[in-house]
Amino acid sequence: MEPATQLSFPFGDLPVELALLILKHAAQPSFSQMEPYKSKNPYSFALTLCLVSKEVRKTVLPEIIHTVLLPQLRNVTAFVDALRMQQTYAQEDHQFKFDYTKYIRRMWMGRFRGSLPGLSLDGFGPIQPGPDLSPLAPVLLAAPSIAVDFENLALLSGCLFHAWKSRVDNHEDSPVLYSPKTITVTGFESMTRQWSSFTKTVHGAAFLASISHVISITYTMIDNNRHAYRLCHSGNRWKIYQLPEWMEQAPFNSLQTFSLPIPHSAHRLAECELSSTDMEVEFSTFSVSKLSARQRTLGIRTIRQTMSFNGPLAVSYPRPSSSCILCQDWLKAWACGLGS
């Protein structure tokens, strides 16, 4: 019997256009991975591909920066450093220059506390950002969809202030045009002082007035207490969802829709604990024009009747499923396309 012939198909034999198309697809970050992002960077394989050649780097970079996740302060500082390097490349007409503003479509800024040079993330007074925000501001404000936590509103406000001040310094009379039309707000609803300070600034109010879609992933003191005392799984047959107070106080003059991701499980707790099934999240969207004052407080049954239902979203989460908003990995859900 003759030995089996091993088939060989060198990747280099492919046409260049087809090879680059395959690499572009392979470079898409693995946001849906089972491993936590802290233990496995979802961008790791794509970043490795950037080392292959200049042409491959140019091809895969748009896939890498389509969705930018900045969950911690160190991620923000690293990203600002990368943007500053790109500014240097652009000035030198370097072969590695790359315009991030053309390709970043979504940006997540997580819950973190700390400080950046020229900006206090913990302060409530007037924000006077230093030049360090000059690379970040145009990139952030060019993304159609952004996510921000109540605790880092100062960072967003600093970028808005920088954009507004730049136009004043350049004697530009036209108003600032903001690309973000969808904003996802996360965090503790009791952080009203930060939100109130943000909405009362000229640049903050103008930015919110341009938003057409809001996604609320915020939680109340009741939610926090239930989670702290491990009561997440009890009494979840009925939950009241209210229009967040912070939304009523904000100048959303162009708001058309707002969405509530509603996590729930169709299984009993014991079944969820035994099986690592994905959490089903009903991403439900309200039409602001059709929402009457009587519907501002909604039970889950009323929600399903009055909302336009966009279908379920599977969110991989290693812990038992529950309807507790604090038990969910919203960073992963948003990275996988929540609200896209």
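Cut-offs used in this document
The written sequence of each chain sets the order in which its residues are numbered from 1. Per-residue local features are limited, in this predicted model, to residues with pLDDT of at least 70; the limit for side-chain atom pairs, both in listing and counting, is 80 or more; totals at the level of whole chains, interfaces and linings are taken over all residues. Only hydrogens and water are set aside when side-chain values are computed; all heavy atoms of the structure are taken into account. Grouping buried Ala, Val, Leu, Ile, Met, Phe, Trp, Tyr and Cys residues that are joined through side-chain atoms within 4.5 Å yields what is termed a nonpolar core. Each residue gets one of three labels from its accessible area relative to the maximum for its type: buried under 20%, exposed over 50%, partly exposed in between, using a 1.4 Å probe on protein chains only. Runs of H or I in DSSP of at least four residues are treated as helices and runs of E of at least two as strands, each being numbered from the N terminus. Residue contacts are defined here by distance: any two heavy atoms, one from each residue, within 4.5 Å place the two residues in contact. Paired strands, in this sense, are two strands between which DSSP finds at least two bridges. Salt bridges are defined as contacts in which a side-chain nitrogen from Lys or Arg sits within 4 Å of a carboxyl oxygen from Asp or Glu. When the strands point away from the viewer and the path from the first strand over the helix to the second turns clockwise, the crossover is right-handed. A score between 0 and 100, pLDDT records how confident the predictor is in each residue.

Visitor: Tell me about the nonpolar core, and please be specific about residues and values.
Guide: Ranked by internal contacts, the top residues of the largest apolar core, which has 78 residues, are F79, F207 and F252. If one sorts the elements of this core by residue count, helix α6 (residues 153-169) sits on top with six residues. Sequence-distant contacts of F207, defined by excluding residues within four places in its chain, comprise L141, I146, L156, L160, Y178, P180, I183 and F198.

Visitor: Quick rundown of the side chain of T182? Include the residues and the values.
Guide: Here T182 lies in strand β6 (residues 182-188). Residue class for T182 comes out buried when judged on its relative accessible area of 13%. Ignoring anything within four residues of it in the chain, the contact list for T182 reads P144, S145, I146, I211, H213 and I215.

Visitor: Give me the lowdown on the side chain of E63, citing residues and values where you can.
Guide: Mapped onto the elements, E63 comes out in helix α3 (residues 54-65). A relative accessible area of 18% places E63 in the buried class. For E63, the contacting residues outside a window of four places in its chain are K24, A27, Q28 and P29.

Visitor: So what about the pairing of strand β2 (residues 106-109)? Which residues, and what values?
Guide: Where burial is concerned, the two faces of β2 agree: the one with R106 and W108 and the one with M107 and M109 are both buried. For strand β1 (residues 67-70) and β2, the ladder comprises four bridges, and the chain directions are parallel. Of the residues in β2, the one forming a bridge with L70 is M109. Sheet topology places β2 next to strand β5 (residues 145-149); four bridges connect them, and they run parallel. Of the residues in β5, the one forming a bridge with W108 is A147.

Visitor: So what about the pattern of salt bridges? Which residues, and what values?
Guide: Tallying each qualifying case throughout the model produces four salt bridges. K24 is paired through a salt bridge with E63; the nearest N and O atoms lie 4.0 Å apart. Note that K24 is positioned in helix α1 (residues 16-26) and E63 in helix α3, a separation of 39 residues in sequence. With relative accessibility at 37%, the residue K24 sits in the partly exposed group. In this structure, the salt-bridge partner of E151 is R111, at a minimum N-O distance of 3.0 Å. Of the two residues, E151 is situated in the loop between β5 and α6 and R111 in the loop between β2 and β3 (115-116); the sequence distance between them amounts to 40 residues.

Visitor: Tell me what's going on with the pairing of β1, and back it up with residues and numbers.
Guide: Looking along a regular strand, one sees the side chains alternate between the two faces of the sheet. Side chains T67 and L69 of β1 all project onto a buried face; the interleaved residues V68 and L70 project onto the opposite face, where all are buried too. As for the winding sense of the linkage, the β-α-β connection from β1 through helix α4 (residues 73-92) to β2 is right-handed.

Visitor: Give me the lowdown on the confidence of the model for the protein chain, citing residues and values where you can.
Guide: Summing up the model confidence of the protein chain, the mean pLDDT is 76 and the portion of residues at 70 or higher is 71%. Below pLDDT 50 for its whole length, residues 120-131 participates in 25 contacts with residues either more than four positions away or in separate chains. Low confidence marks residues 265-277, where pLDDT is under 50. Its contacts with residues over four positions away, or in another chain, come to 12 contacts.

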